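# Observations on chain architecture
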Amino acid sequence: MADSNLWQPAVIDAGQAGGWALAHCRQQFLCDARGVLFPRAWLKAQLPQPQVLAEHGVGHFNGQPVFVLELADHAEALLPGGFWKGLRQFMHEGDLTTFRMLGYAAQVATWARQHRFCGSCGGPLQALSSERAMACPRCELHHYPRLSPSIIVLISRGDQLLLARSPRFAAGVYSTLAGFVEPGESIEECVRREVREEVALEVGNLRYIASQSWPFPHSLMLGFHADYLAGEIVPQPEEIEDARWFTPDQLPPLPAHGSIARYLIELYLARRSGAAEPVLPG
Ligand SMILES: NC(=O)c1ccc[n+]([C@@H]2O[C@H](COP(=O)([O-])OP(=O)(O)OC[C@H]3O[C@@H](n4cnc5c(N)ncnc54)[C@H](O)[C@@H]3O)[C@@H](O)[C@H]2O)c1
Ligand SMILES: [Mg+2]
Ligand SMILES: [Zn+2]
C-alpha cells in the first residue's frame, strides 16, 4: 500500500530555494548509490546549465519540497557514479509511493519538455505559480498538462476470456484490449469501436470497473468488462498479432502485476471462483 502522507503532489514555484530534486529525461530518472532524490542545490551545481530544459516543483516527499529537472539527454557522466533507471523498472520494483511520485514527476517533466514554446504563436512560455500550466505572455493562451484517456476492456463469453497480443508485448504475453479515446466519442463508444477495430467483434452490457493513471507517457486508463455479442475474431493487421478465447485453467502469460490489465483479469477470475478480490494499486 502506498503511504499517501509520504508523497503529496503540489504546485510549487521553482523560484523557491532548497528541497530535493529529481532529474528526468524521456521516462528515465538519474540515480546514484543513494537513490533517486538529490539535494537540489547540490544537483544543480553538478549539471551544466544547457542540460536543464525545465524545472518544476511537483510536490512534497516526507514534508520536503520536490522539484523535477527535465534534462536534455542521458549523459551519465553528469554525476559521479550516476546511472539512469526507467520508470517501468520502478513500477516493477513495487515501491508504490516512489512510483506514484516518479509517475507524476515524469508526466510533468515530459509535458514541460514539450511545452517550452507556445503551439499557437510560437512564443516562449512561462510556468504559472498558481496552477499547473504554462502561460503564453504574447497570446495569453494557457497550456495544461496533457492526459490521454484510454479504454481497456476484458471481454468474456461464458467461461472464456478474450486476450490478445500486440507485437510490442513481451514474448508470450496476452492482455486485454486497449485504445485511445478519440475526439467526439463517449468512452462506451470508444470500447465498442476499439473492439471492432482490433478483433472485429461486437460487445454489449458494458460495465465500468475502475481507472488507473498510466504515466507511459500520459494515459488515463478507464477499465471495463464487456460481454461478447457477435462475430468471429479477425485480428487488426499490424496492431494485433494474435487474439484468442482462453479458459481460466489455460491462461497464457499475463501482463505485469500492478497494471489494470492484470487487475481486470484477476478480478473476473476471483468473482467467478468466489476467491478474495485483488486490489488495484494506486
Ligand atoms: N495499464 C495497463 O494495464 C495498460 C494495458 C494496455 C494498454 N495500456 C495503455 O493504453 C494506451 C492505449 O493502448 P494502445 O497502445 O493499445 O492504443 P491504440 O489501440 O489506440 O493504438 C495505438 C496507436 O494509437 C496512436 N496513438 C498514440 N498515442 C495516441 C494518443 N495520445 N491519442 C490517440 N492516438 C494515439 C498511435 O498510432 C499508436 O500506434 C497506451 O498508453 C498503453 O500503454 C495500459
Ligand atoms: Mg490497442
Ligand atoms: Zn502564444
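So, here is what we can say about the structure in this document. (Residues numbered from 1 in each chain as written. Chains lettered and ligands numbered in written order. Predicted model: local features only at pLDDT ≥ 70, side-chain atom pairs only at ≥ 80, totals over all residues. Heavy atoms only, no water.)

### Comments concerning the overall build of the chain
Counted only if it meets this: Here a strand is any run of E in DSSP of at least two residues, a helix any run of H or I of at least four, and the numbering for each starts at the N terminus. Relative accessibility decides the category of a residue: with a 1.4 Å probe and only protein chains considered, values under 20% of the type maximum give buried, values over 50% give exposed, and everything between is partly exposed. Contacts are residue-level and defined by heavy atoms, with any inter-residue pair within 4.5 Å sufficient. Where accessible areas are quoted, they stem from the Shrake-Rupley method and a 1.4 Å probe; at the residue level, only the protein chains shown are allowed to cover. Only four residue types enter the tally: Lys and Arg on the positive side, Asp and Glu on the negative side, with His and both chain ends excluded. To locate a charge, take NZ of a lysine, CZ of an arginine, CG of an aspartate or CD of a glutamate.
Assigned secondary structure in the chain consists of 5 helices and 16 strands. Considered along the principal axes of its C-alpha atoms, the chain spans approximately 60 × 45 × 35 Å. A burial count over the chain gives 46% of its 282 residues as buried. Sequence-distant contacts in the chain: of pairs separated by 6 or more residues, those separated by 24 or more amount to 62%. Surface accessibility of the chain: about 13,900 Å² in total, with carbon and sulfur atoms responsible for 52%. In the chain, the 23 positive side-chain charges and the 29 negative ones have mean positions that sit 4 Å from each other.

### Considerations on the side chain of Arg40
With respect to the helices, strands and loops of the structure, Arg40 is situated in helix H1 (residues 40-46). Discounting chain neighbours no more than four positions away, the residues touching Arg40 are Ala14, Gln16, Ala17, Gly18, Gly19, Trp20, Ala21, Glu55 and Phe67.

### Details of the sheet that holds strand E9 (residues 134-135)
As a reminder, the rule being used: Strand pairing is assigned whenever DSSP detects at least two bridges linking the two strands.
The strand order E8-E9-E10 describes an open sheet built from 3 strands, whose pairing is antiparallel. In this open sheet, the two edge strands, each paired with only one partner strand, are strand E8 (126-127) and strand E10 (142-143).

### A closer look at the coordination of the zinc ion (ligand 3)
The condition is simple: Donor selection uses N, O and S atoms within 2.8 Å of the metal (3.2 Å for Na, K and Ca). Since no water is included, sites may look incomplete. Geometry is assigned from the angles between donors: four donors with all angles from 85 to 135 degrees make a tetrahedral site, four or six donors whose opposite pairs exceed 155 degrees while the rest stay between 65 and 115 make square planar or octahedral sites respectively, and everything else is labelled irregular.
Every protein donor of the zinc ion (ligand 3) is listed here as Cys118 (SG), Cys121 (SG), Cys136 (SG) and Cys139 (SG), and their distances to the metal cover 2.3 to 2.4 Å. One can describe the donor arrangement at the zinc ion (ligand 3) as tetrahedral, given that its 4 donor atoms subtend angles of 94 to 119° at the metal. All donors of the zinc ion (ligand 3) come from a single chain, and their spacing in sequence reads C-x2-C-x14-C-x2-C. Assessed through its relative accessible area of 3%, Cys136 is described here as buried. Owing to a relative accessible area of 32%, Cys139 belongs among the partly exposed residues under this scheme.

### Remarks on the environment of Ala127
Checked against the element boundaries, Ala127 lands in strand E8. For the pair Ala127 and Arg116, spaced 11 residues apart in sequence, the C-alpha separation works out to 9.2 Å. Apart from residues lying up to four places away in sequence, Ala127 is in contact with His56, Ala133 and Met134.

### Quick notes on helix H4 (residues 187-199)
As a reminder of what qualifies: A helix's residues, less one, multiplied by 1.5 Å, set its expected span.
Relative to the 18 Å expected for 13 residues at 1.5 Å per residue, H4 spans 18 Å between its end C-alpha atoms, a close match to the ideal helical length. Looking at the buried side of H4, the elements it contacts are strand E11 (148-157), strand E12 (160-165), strand E13 (177-180), strand E14 (202-214), strand E15 (219-230) and strand E16 (242-246). The positive-phi residue at the C-terminal boundary of H4 is Ala200, with phi of around 65°.

### Quick notes on the site of ligand 1
Just so we agree on the cut-off: For this description, a residue counts as near a given molecule or strand if any of its non-hydrogen atoms is within 4 Å of it. Distance and chemistry together define a polar contact, namely a pair of N or O atoms within 3.5 Å, with one atom able to donate a hydrogen and the other to accept it when in protein, and with adjacent residues in sequence counting only for side-chain atoms on both sides. Lys, Arg, Asp and Glu make up the charged group, whereas Ala, Val, Leu, Ile, Met, Phe, Trp, Tyr, Cys and Pro make up the nonpolar group; the residues left over, Gly among them, are polar.
Inspection of the region around ligand 1 gives 18 residues, with Ala178, Glu198, Trp214, Ser219 and Ala261 positioned closest. In the model, an oxygen atom of ligand 1 is placed 3.1 Å from a nitrogen or oxygen of the Ala178 main chain. Relative to its unbound accessible area of 850 Å², ligand 1 is 66% covered by the protein chains. Grouping the amino acids of the shell around ligand 1 by side-chain chemistry returns 7 nonpolar, 6 polar and 5 charged.

### Quick look at the coordination of the magnesium ion (ligand 2)
Only Ala178 (O) and Glu198 (OE) from the protein reach the magnesium ion (ligand 2) as donors, at distances of 2.1 to 2.2 Å. Within this pair, whereas Ala178 is found in strand E13, its partner Glu198 is found in helix H4, the two being separated by 20 residues in sequence. Judged by its relative accessible area of 31%, Ala178 is partly exposed. The class for Glu198 is buried, based on a relative accessible area of 7%.

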